[in-house]
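# Observations on chain architecture
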Amino acid sequence: MIERAPIRQLQGELVDQIAAGEVVERPASLVKELIENSLDAGATRIDVDIEAGGAQLVRVLDNGAGIPADELALAIARHATSKIVTVEDLAAIETLGFRGEALPSIASVSRLKLISRPKAVEHAMGLSVEGGRVGELTPAALAAGTLVEVRDLFFNTPARRKFLRAESTETGHILRLIQRYALLRFDVAFRLRQGSKTLIDVPVAASSEAQRQRIGLIMGRDFIEAALPIDMRSGSVRLWGWLGQPEAARTSSDQQYWYVNGRAVRDKLLGSALRLGYRDVLYHGRQPACLLYLELEPRSVDVNAHPQKLELRFRDSRQVHDFVMRAVQRALAVPAGEAAPTARNTSWLPQVHQGGLDWRELSVADSPINSLMSRAESAPSPSESSVSELSASRPAVGELADGALGQAIAQVHGIYILAQRADGLIIVDAHAAHERVIYERLKRDWGQDPAQQRLLTPEVVEIALHENDLFLSHQADFAQAGFEIDVLAPGRLAVRAVPALLARESAGSLVRDVLQSLQSEQGSHHLDTAAHGLLGNIACRSAIHGGRKLTLVEMNALLREMEATERAGHCNHGRPTWALVTLSQLDRLFLRGR
Ligand code: ADP
Ligand code: MG
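The structure reproduced in this document is the subject of the present report. Owing to the predicted nature of the structure, the values given are computational and were not obtained by experimental measurement.

About the thresholds
- Residues numbered from 1 in each chain as written.
- Chains lettered and ligands numbered in written order.
- Predicted model: local features only at pLDDT ≥ 70, side-chain atom pairs only at ≥ 80, totals over all residues.
- Heavy atoms only, no water.
- Helix = DSSP H or I, 4+ residues; strand = E, 2+ residues; numbered from the N terminus.
- Buried < 20%, exposed > 50% of the residue type's maximum accessible area, 1.4 Å probe, protein only.
- Contact = heavy atoms within 4.5 Å.
- Areas by Shrake-Rupley, 256 points an atom, 1.4 Å probe, with all protein chains shown as cover.
- Pairing = 2+ DSSP bridges.
- Near = heavy atom within 4 Å.
- Polar contact = N/O pair within 3.5 Å; in protein donor to acceptor, adjacent residues only side chain to side chain.
- Axes fitted to C-alpha atoms, helices over the stretch in contact; angles between N-to-C directions.
- Parallel < 35°, antiparallel > 145°, perpendicular 65-115°, else oblique.
- Left-handed = near helix turned anticlockwise from the far one by under 90°.
- Nonpolar A, V, L, I, M, F, W, Y, C, P; charged D, E, K, R; others polar.
- Core = buried A, V, L, I, M, F, W, Y, C linked by side-chain atoms within 4.5 Å.
- Domains from an automatic or database assignment.
- Phe/Tyr/Trp six-rings, centres within 6.5 Å; stacked < 30°, edge-to-face > 60°.
- Lys NZ or Arg CZ within 6 Å of the ring centre and 35° of its normal.

### Considerations on the overall build of the protein
Check the secondary structure of the protein and you find 20 helices and 23 strands. A burial count over the protein gives 49% of its 594 residues as buried. Considering only contacts in the protein between residues 6 or more positions apart, those separated by 24 or more positions represent 71%. Roughly 28600 Å² of accessible area belongs to the protein as shown, and the carbon and sulfur atoms make up 52% of that amount.

This is the structure:
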């Protein structure tokens, strides 16, 4: 028998320690609270020093507004905040903190020192707290601003202390945290040091060049040099920032930086919208890099949903999801010729060892960023209700300057098309490019009663019995795409018509190939993307394959189709479809002065 104890009110210190469990999970979470306090106080410089991954010491110094001496004790009292007064304020919260819980929680599980001096005051005052017990107010020395020093985290809660990871792990969390803020607040200088080692030190970045430099420092120069800018609005919602090139995608989402109304977040809904936006240009399971800022009315997002405020609750999550997905799709759908893939892979270029040539430098030439930026802004806001409608409203065929991909001159190994353009040599992966062209056309025609080519005699296809069910589940999709296929008997199909754009030798083997790929991919597609999966397979299976000899007329036809196709810069799997070698790159290759 368990003996029941009477109900008692918890002691204040214990309450704080329990609350601390939510606020202070690890050193990085207390650094987060302290940085947010500094930002809320209007600081333009935040210096963080840590020892032993923050377990021994976290010291945050800022040049913000400071705390008047007579409020220091209140600052570390529970539920004491200067940031909200009424319940109504909660709905339109604009500061990062508001619970009045951080300082008392941290103080209850550490030895904390708080020193502060508002600008107008001559001397700083300080206060020490140990395990929740507040010491005397004493004069201290400090320039205008606030210093919070947290020593011996969890010294009085050994159970929690055990959960701290290796020093390097905790340091890593703190560094990433500060990097996240640095990508949000370009108007603030950040520094993190561990002992005598400086882990990050970035000055205020006022100009856009300085901002790009900061982004490059944190996310890699490759990212910012090749990234596609995005800036889309719909009503009061705006999404802007940079999207990583599909071919630079990674296996984890660690290079995805999201900010909503000035808060760093990791939100599942936004992550899913991003992936769907990249769906057509990314291999399944790959994660794009991004730096994205979503702005919407404070009242349409609830930041109270999660104590660490990483997950959000949107008032209209469906709408936000669709907006983000379409905005990303649209930003990626820059037709070939506009998004010159200059900053792409140059590893295929011949290696040159003389003269200290730097190929990376070559690839940065005429960066398309600026022209893209203006294009993104002038794009109509994506308010359509379905993907197919979006495709219908894309720029009309022929809007691009004709010949952006040059004139075909040769084919290499049955794989690459070489084309000549005024400023250099274009190289096209014929299969990848053709696949994209077909895929975009299939999507455009989807369900629009596409032109069909009737076969003189139906082609009979034998398929495995288990593929029969698979076919049945896709029969309607095949029809929407322009196929006419009947089941003669289980495992025996009759192909009577194919979409006209696929006119090719063997309709039967196309259908069989597509079913086979669908079979091997089963379950990997989200229900509403099943149709896209089918179209992608059809495109891949019917695109010209390596080894096929093309005539100049065929090659030029493909180049012209690419110029008129959205997303023509990448195949469905995210590989680039073409690249440019400029004349000056060729000249340098041969050490020819111009
Ligand atoms: P909250 O941030 O939720 O208000 P905190 O416990 O983090 O609660 O901080 C309590 C109060 O202390 C804040 O409302 C603010 O007035 C003051 N404060 C804390 N840190 C700073 C700082 N670095 N600069 C100025 N004021 C601060
Ligand atoms: Mg706070």
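### Points about the pairing of strand β12 (residues 256-260)
In terms of burial, β12 is a largely internal element, five of the five residues being buried. Burial along β12 is two-sided: the face carrying Q256, W258 and V260 and the face carrying Y257 and Y259 are both buried. In the sheet, β12 pairs with strand β14 (residues 290-295) via five bridges, with the strands oriented parallel. Note on β14: the bridge partner recorded for Y257 is L291. Examined bridge by bridge, β12 and strand β13 (residues 263-265) share three bridges and lie antiparallel to one another. Its bridge partner being in β13, W258 is matched across the sheet by V265.

### Some points on the site of ligand 1
Close to ligand 1 lie 20 residues, the nearest being N37, T81, S82, K83 and G100. Between ligand 1 and A102 there is a distance of 3.3 Å, counted from an oxygen atom to a backbone nitrogen or oxygen. At 2.9 Å, a backbone N or O of L103 approaches an oxygen atom of ligand 1. Protein contacts shield 92% of the accessible area of ligand 1, which totals 530 Å² for the unbound molecule. Secondary structure elements with two or more residues in the shell around ligand 1: α2 (27-40) and α5 (102-108). The element that contributes the greatest number of residues to the shell around ligand 1 is α5, accounting for three residues.

### Some remarks on the packing of α2 against helix α7 (residues 167-182)
It is the contact of α2 with α7, at a shortest axis distance of 9 Å, that shows an interaxial angle of 25°. With respect to α7, the element α2 is oriented roughly parallel. The crossing of α2 and α7 is right-handed. Note on element contacts: α7 touches α2 through E170, H173, I174, L177, I178 and Y181, opposite P27, A28, V31, K32, I35, E36 and L39. Here the contact of α2 with α7 is built from residues that sort into nine nonpolar, one polar and three charged.

### Thoughts on the sheet that holds strand β11 (residues 237-243)
Hydrogen bonds along the backbone pair up the strands of a sheet, which may run parallel or antiparallel. Spatial strand order, β10-β11-β14-β12-β13: five strands in an open sheet with mixed pairing. On the outer flanks of this sheet lie β10 (228-234) and β13, each paired with one strand and no other. In this sheet, neighbouring strand axes are inclined to one another by 20° on average, regardless of whether the strands run parallel or antiparallel. Docked against the sheet, α7 engages β12 and β13, running at close to 55° with respect to β12.

### A look at the pairing of strand β9 (residues 197-202)
Pairing between strand β8 (residues 189-194) and β9: five bridges, direction antiparallel. Looking at the pairing, F190 lines up with V202 of β9. Counted along the chain from β8 to the antiparallel partner β9, the turn is two residues long, and its residue G195 has a positive phi close to 60°.

### Some words on the nonpolar core
One recurring pattern in soluble globular proteins: nonpolar side chains tend to sit buried together. Counting residues in each nonpolar core, the largest one holds 61 residues, and the members touching the most others are I35 and L291. Looking at this core element by element, the count peaks at six residues for α2. Inspection of this core shows a minimum of three residues originating in each of domain 1 (12-195) and domain 2 (220-333).

### Let's talk about the packing of aromatic side chains
The relative placement of two aromatic rings is captured by the distance of their centres and the angle of their planes. In the structure shown here, the tally under the stated rule is four aromatic pairs. Judged by centre distance (4.3 Å) and plane angle (20°), the ring pair of W240 and Y293 falls under stacked. Here Y293 lies in strand β14 and W240 lies in strand β11, a separation of 53 residues in the sequence. A relative accessible area of 5% places Y293 in the buried class. Aromatic pair Y259 and Y293: ring centres 5.2 Å apart, planes at 15°, arrangement stacked. Separated by 34 residues along the polypeptide, Y259 in strand β12 and Y293 in strand β14 bring together distant segments of the chain. For the pair Y259 and Y293, a shared accessibility class is recorded, and that class is buried. Following the ring pairs from residue to residue traces out a cluster consisting of W240, Y259 and Y293. Between R111 and the ring centre of F155, over which it is positioned, the NZ or CZ distance is 4.0 Å.

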